[in-house]
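Inside the fold
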Amino acid sequence: MTQSPAPSARVLTAFGASEAPVPLPGGQGSAWRSGPLVLKPAASEPETVWRAGVLHHLPKAPDFRVARPVPAADGGWAAHGWEAWRLTGGSADPHRADDVIRAGEAFHAALSDLPRPRFLGVRDDPWSRADRLAWQETDEAPDFPLLKPLLAARRPVEAPAQIVHGDLLGNVLFEPGLPPAITDWPPYWRPAAWASAVVAVDALCWSAADAALLERWSHLPDWGQLLVRALIFRIATHESVDEAAESEYRPVVDLVLATG
């Protein structure tokens, strides 16, 4: 992943950042640290403002922490195309999928009364397009053989939608003595258990999780269908699926189709 350009001097000044920015690993290569702050490009200012407002007002909870936003000098949540957050202690551990799911469940319970934000209706990127495909809100599907049986396996889902975190596995940080921390939140309007299903398929595809992970969470509503849709979501974000990627996905596709 190529690192994005560093925040400019005026961005650092806007957020009161006094130390030279240092690139942070992971994600899309766009985050920079300056002392106690993390700075990232604000891809969508309406989304940045909405997310920061939600997390700024979210009460502390015993089961999870969140990265808190930092306002710019003018009081806004974005400045010169950037946003800022308090550095949150801990490290991601993709082998702790069950703990990630538990943290996500607690986080989503705290968000369950939020209305659907407007920006979700106009967001257009590979992830939002893949999400709409998974939920039959578009027919524009990549011509990937792996997708065809998954698309055919979709059935109605009864669980209600709410605002959720769509990429938890690598964005939940663990630190001894503290609750897990939820970071880098891409919001989606889907059933809460769908976010857990994304964690499960990510862990199976990329972190050598055991198939028993699916059984442990099978009590969640519409679990089989949510796994199908989570896997469509992941596969459809690719521009292409080469042999190496297909070898990672194929066993999980077979497992999810058997589960669903």
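Residues numbered from 1 in each chain as written. Predicted model: local features only at pLDDT ≥ 70, side-chain atom pairs only at ≥ 80, totals over all residues. Heavy atoms only, no water.

1. With respect to the environment of valine 54
Relative to the elements of secondary structure, valine 54 occurs in helix H2 (residues 45-57). Each C-alpha atom of the pair valine 54 and leucine 111 lies 8.8 Å from the other, and the pair is 57 residues apart in sequence. Look past the residues within four positions of valine 54 in its chain and what remains in contact with it is Leu111, Leu114 and Trp185. (Helix = DSSP H or I, 4+ residues; strand = E, 2+ residues; numbered from the N terminus. Contact = heavy atoms within 4.5 Å.)

2. Observations regarding the packing of aromatic side chains
Counted according to the given criterion, the structure contains 8 aromatic pairs. Pairing phenylalanine 107 with tryptophan 185 gives two aromatic rings, centres 5.2 Å apart and planes at 80 degrees, and the pair type is edge-to-face. With phenylalanine 107 in helix H3 (residues 97-111) and tryptophan 185 in the loop between strand S10 (181-182) and strand S11 (187-190), the pair connects residues that are 78 residues apart, well separated along the chain. Grouping residues by exposure puts phenylalanine 107 and tryptophan 185 together as buried. In textbook terms, an aromatic cluster arises when at least three aromatic residues are bridged by ring pairs, as seen for Trp50, Phe64, Phe107, Phe119 and Trp185. A cation over an aromatic ring shows up here: arginine 229 above the ring of tryptophan 135, its NZ or CZ 4.6 Å from the ring centre. (Phe/Tyr/Trp six-rings, centres within 6.5 Å; stacked < 30°, edge-to-face > 60°. Buried < 20%, exposed > 50% of the residue type's maximum accessible area, 1.4 Å probe, protein only. Lys NZ or Arg CZ within 6 Å of the ring centre and 35° of its normal.)

3. Notes on the nonpolar core
Burial of nonpolar side chains together is a common tendency in soluble globular proteins. Judged by nonpolar contacts, the single largest core of 68 residues is most densely connected at Phe107, Trp194, Leu231 and Ile235. For this core, the leading source of residues is helix H6 (residues 192-206), giving 11 residues. The residues touching tryptophan 194, leaving out its near neighbours within four places in the chain, are Asp131, Trp135, Val164, Gly166, Tyr188, Leu226, Arg229, Ala230 and Phe233. Counting residues in hydrophobic clusters, the runner-up holds 13 residues, among them Val11, Leu12, Phe15 and Trp32. (Core = buried A, V, L, I, M, F, W, Y, C linked by side-chain atoms within 4.5 Å.)

4. Looking at the sheet that holds S10
Spatially, S4-S10-S9-S7 is the arrangement adopted by the 4 strands of the open sheet, whose pairing is mixed. Two strands close off the open sheet at either side, each with one partner strand: strand S4 (65-66) and strand S7 (91-92). Sheet topology places S4 next to S10; 2 bridges connect them, and they run parallel. Following the sheet pairing, valine 66 is matched in S10 by isoleucine 182. Strands S4, strand S9 (172-174) and S10 of the sheet are contacted by H3, whose axis makes an angle of about 115 degrees with S9. (Pairing = 2+ DSSP bridges. Axes fitted to C-alpha atoms, helices over the stretch in contact; angles between N-to-C directions.)

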